[in-house]
Amino acid sequence: MRRPGNRGFAAGLPVLILLLPGAGTVCGAAAQEAVGFTSAAAEAGIDFVHVNGATPEKFLPETMGGGVVIFDYDGDAWPDLFFVNSGSLGEGGPRDGSGHRLYRNDRDGTFSESIAESGIERSGYGMGACAADVDNDGWTDLFVTYFGPDALYRNVGGRFEDATAAAGVAGEGWSSSCAFADVDNDGDVDLYVARYLDYSLDDNRYCGLLDIRIYCDPNVYGGAPDVLYRNDGAGVFTDVSRESGVGLAAGKGLGVVFADYDLDGRVDAYVANDLVANFLFRNDGGGVFDEIGLLAGVALGGDGRPMSGMGTDMADMNGDGRPDVFVTNMDRETHNLYANDGGGLFLEVTFASGVGQATLPYVGWGTAFLDHDNDADLDLAIANGAVLDNIGQFRDTTYPQRNLLLENDGGGAFRDAGPYAGAGFALEKVSRGLAAGDLDNDGDIDIVIGNNGQSADYLRNDADNGNHSLLVRLMGSESNRDGVGARLRLAIGDRVLVRQVKAGSSYLGQNDVRVHFGMGRRARADRLEIVWPTGRADIVEDVEAGGILTIHEGFGVVERRPFY
Amino acid sequence: MLEYLKRARSLVAVLLLLAAHPASTRAAGAQADDAGAERRIGLEHLENGRFGAALDAYRRAIEIEPGDERLYLESADIHLASGAPEDAEAILREASRRFPGSTVPAYNLLYHDLAESWAGTGRLSRAAEAMSAAARFEGPVDPAIIHRRLGDFSADLLRLDAALAAYRTAWALDPGNAAVQLALGNLHLRRNSLDEARTAFDQVLGAHPDSVDALHGVSEIHRRRGRFEEALAAADQVLRRVPDHRRALYIRGTARIRVGQDAAGRADLEAYAALEVQAQADEHRARAVNAFRMEGMRHLLEGRRADAIEAFESGIAAYPDAAELHGARGQALSESGRHQEAIAAFLSMLESGGDAPTAHRELAREYRSVGDIEASDRHRALYEARPAVRPRP
């Protein structure tokens, strides 16, 4: 469905006007913020239903899936969607339930399901996925994690071929989230795969009470070390987990994100672990990492408790230019927000930022820093849902939960904007994966949610508050093709907005790889600087808002399209 | 009081009833024709740990004399002791229906115990409901304890306003109760009401300067406020009293790094990490052993004794010194008529440091089953020499 662009007021749409004291004034943004996410999956033709195959045996993977990825698989500059399905672990062993789903963006607000012609045929109990151009051929490839061997699908002109064996990335065990980044700055993307538990169906234990079986606490099982694959250049990978330092410790990894937290030009990895300390792998160069989460202050809850890390994201939420860390956890724990103080240290600001109070009742999974109202600061979207399908037997809460939208006041203080965020944020489901991106190329960020055992949601951003924005798509030449890991600095007056290109974050999924800048009331930015993973910098002066820039490494802006 | 009640419940539970009601000399297994006799039979079964038979006898007693309130309450107590809070609750509900307006103090105790039983299995909504019921009766349980626990359950349920009200009631009932003030302080921390939390912890420290929990609370308040020198000092106070206090080590370590004491901070964090690894291993072991035990118990409950034995043996293979698995395996073997193997299992339970009175009681029974009366008597004597338990209030 075609919708008005982001300049004119969207009359007739379910937009609520929210007055947020102190919010939205950055860069002259409007004091009146329009927040409206429409639940638009059916309207858009997204009919995916995740199958978890829930059994009385309470196999733990059943309550953990499934992921969602936003990526442009057919190269038409319109983001497409990939939903990971799980299936059944019951009698007969692992098998495909109803298969993954690929939705091609029809560029008119709707999507066409296209898995049959995609070449993606692999069965298995899927968990998550991430996407990047592993062979720098201009087509985005897809990696899918499983409870079981993983799969890499090479994109050949918009159709996928199973390249798992040739690439050497099948692995084994229980993989969860994954992320691509060029960890050794050699011009191709490497692959990090978070691994969850040392668990097998034969080792599925009985947990709960005599009359109520529940999904086991992860502490019943041991953890599994994560895996790092180094790309040898043409999409063939080598497992470098041990020599890189990533595989030396067994965590219980559920979320992973790459960002250069110490601004040294090398991407670091943050891993959300479930009930054990989270990892911060500092990249010491050449793809060798040192785990420094405890020293840096991002391993635990502020008071020293290991938390139930699920999903994670890193971005500059307080405008100081340094990427901060957000991790989703269980209810009654609060999710955690860590502010990057520079000097290698983070300050846990969960309560000081308002995140603690807002997240206390929720079990969080997928999450993303995003500027939903184009006011030039990063807000937080969080997918929620309980772990136990029979949680109501224990507490007065439910398996489905509402998702959260936390509004940033510009300085890193957050408040729950969900009640004002439209019908999309009023849904209560068993949410897991969350991916964000401008699906309709209209200049604002939409959200896609993968729900466990339920239909997926598309929260279309229908707000229009008159704020301006910019989307930037990168094309590497010496750097990896999508510019994953590149750092972008957009100068607007006395503000500099810093963003990074990421290919994998949240929980089991990935956002649109294009970088979005909300610009408030400013229709032009003074300057855009891109520092590529190779270290090269490209600078664009006097950048006009309202469209999608494609910037080629070393060549500057090669394309500019207005928002739709 | 609460600690006593917990101990009593965990050790011998309803056997305490015997203190007030001597057992009948009539042989267990026989049926009586009046409620009093059935009750005595029930108590005798109870003494031998046969909860099912005891409850059968009480059921018959209630059928004979449905107007005897005491039978309902004792029956509920046995259900609680046998780990069946659902049945205990049903009986209590039935008693309330039959005897409206009753002020029997035992309701206070039973609802309190029911609440703790629900809480012990994680069913906090029902725990809060039962504790609220306990608060409606006067009885032996200290009302301040009832309201504090109500506050605890409410806090866990994230009913933070209700928790605050309950703690304040408890404090009003028992103004010197440090546990209530600690709970209040922690609740304020959860609400990020740092001034109120500080007041609560300071009040505790005024009366109990060595309170580790209060000192830790103070260090956490300073940490959240970014006052790292003060956080360090408070955490240091905790660690002088409890050197392996993990969370205090973490706070002191991070605070030291913040104030420039990098090497000392790193040392604290390394010490924290080592302790955490051990704690994680202990936690993993406890949960894994419990999972094996629950799996076997579930099979037993459904009559699949061979599967139960297999589950317990799988657990023992992984955790050979898990006394509870040896005991559970012994129980399953006994029910399967494999008494010699059951004896070996209960002896393993003893060797692994399991609950000695229980093991001796089961060994006495098993040796008797295989005709070794001397060994049976020896273990019976050991069982009966268990520490005396004070009668219930």
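One numbering rule holds for all chains: residues counted from 1, following each sequence as written. Whichever chain is written first is A, and whichever ligand is written first is 1; the rest continue in order. The predicted nature of this model means local features are confined to residues of pLDDT at least 70 and side-chain atom pairs, given and counted, to a pLDDT of 80 or more, with totals for whole chains, interfaces and linings taken over all residues. Side-chain metrics in this entry use all non-hydrogen atoms of the structure; hydrogen atoms and water are not considered.

**Let's talk about the environment of Cys-207 of chain A**
Which entries qualify depends on this criterion: Per the convention used, a helix needs a DSSP run of H or I reaching at least four residues, while a strand needs a run of E reaching at least two, with both numbered from the N terminus. Think of it in three bands: with a 1.4 Å probe and only protein chains considered, a residue is buried below 20% of the maximum accessible area for its type, exposed above 50%, and partly exposed in between. In this description, contact between two residues means that some pair of their heavy atoms is separated by no more than 4.5 Å.
Within the element layout of this structure, Cys-207 of chain A appears in the loop between strand S15 (197-198) and strand S16 (222-225). Cys-207 of chain A gets classed as buried once you look at its relative accessible area, which sits at 9%. Counting along the chain gives 151 residues from Cys-207 of chain A to Ala-358 of chain A, while the straight-line C-alpha distance between them is 30 Å. Contact partners of Cys-207 of chain A, with chain neighbours within four places excluded, come to Ile-212, Arg-213, Ile-214, Cys-216 and Val-220 of chain A together with Ala-291 of chain B.

**Notes on the interface of chain B and chain A**
Quick note on the threshold: We count a salt bridge whenever a side-chain nitrogen from Lys or Arg sits within 4 Å of a carboxyl oxygen from Asp or Glu. Within 3.5 Å is the distance limit for a polar contact, defined as a pair of N or O atoms, with the added protein rule that one can donate a hydrogen and the other accept it, and that residues adjacent in sequence qualify only through two side-chain atoms. Gly falls in the polar group here, along with every residue not listed as nonpolar (Ala, Val, Leu, Ile, Met, Phe, Trp, Tyr, Cys, Pro) or charged (Asp, Glu, Lys, Arg).
With 41 residues of chain B at the interface, the matching set in chain A holds 41 residues. For Asp-303 of chain A, the salt bridge identified is with Arg-247 of chain B, shortest N-O distance 3.1 Å. Across the chain B-chain A interface, the total number found is 16 residue pairs in polar contact (both at pLDDT 80 or more). Where the side of chain B that touches chain A is concerned, the elements lending two or more residues are helix H8 (124-135), helix H11 (178-190), helix H13 (212-224), helix H15 (246-258) and helix H16 (262-301) of chain B. By residue number, the principal contributor to the side of chain B that touches chain A is H16 of chain B, which donates 17 residues. Residues belonging to the side of chain B that touches chain A are distributed by class as follows: 18 nonpolar, six polar and 17 charged.

**Observations regarding helix H9 (residues 143-156) of chain B**
Residues and elements named next belong to chain B. For clarity, the threshold we go by: To estimate the expected span of a helix, subtract one from its residue number and multiply by 1.5 Å.
With 14 residues, H9 extends 20 Å between its outermost C-alpha atoms, agreeing within 8% with the 20 Å of an ideal straight helix rising 1.5 Å per residue. Where H9 is concerned, the buried positions are Ala-144, Ile-145, Ile-146, His-147, Arg-148, Arg-149, Leu-150, Gly-151, Asp-152, Phe-153, Ser-154 and Ala-155. The backbone nitrogen of Ala-144 lies 2.9 Å from a side-chain oxygen of the residue at the head of H9, namely Asp-142. Downstream of H9 by a residue or two, Leu-158 has a phi angle that is positive, lying close to 65°.

**Structural notes on the nonpolar core**
Keep this limit in mind: Residue types Ala, Val, Leu, Ile, Met, Phe, Trp, Tyr and Cys, when buried and joined through side-chain atoms within 4.5 Å, form a set referred to as a nonpolar core.
Counting residues in each nonpolar core, the largest one holds 54 residues, and the members touching the most others are Leu-191, Leu-488, Phe-517 and Leu-528 of chain A. With four residues, the top contributor of residues to this core is strand S13 (residues 175-181) of chain A. With near-sequence residues (within four places) excluded, Leu-191 of chain A lies in contact with Cys-130, Phe-143, Val-169, Cys-178, Ala-179, Phe-180, Val-227, Leu-228, Tyr-229 and Phe-237 of chain A. Membership of the second largest hydrophobic core comes to 42 residues, among which are Leu-55, Ala-127, Phe-137 and Phe-153 of chain B.

**Overview of the pattern of salt bridges**
Tallied over the entire structure, the rule returns 68 salt bridges over all chains. Where Asp-416 of chain A meets Arg-402 of chain A, a salt bridge forms, and the shortest distance between an N and an O atom there is 2.5 Å. Taken together, the residues Asp-416 of chain A in strand S32 (residues 414-416) and Arg-402 of chain A in strand S30 (residues 401-402) connect sequence positions 14 residues apart. Judged by its relative accessible area of 19%, Arg-402 of chain A is buried. In this structure, Glu-362 of chain B and Arg-361 of chain B form a salt bridge, with 3.0 Å as the shortest nitrogen-oxygen distance. Linked through salt bridges whose partners overlap, the residues forming this network are Asp-236, Arg-240, Arg-252, Arg-256 and Asp-268 of chain B.

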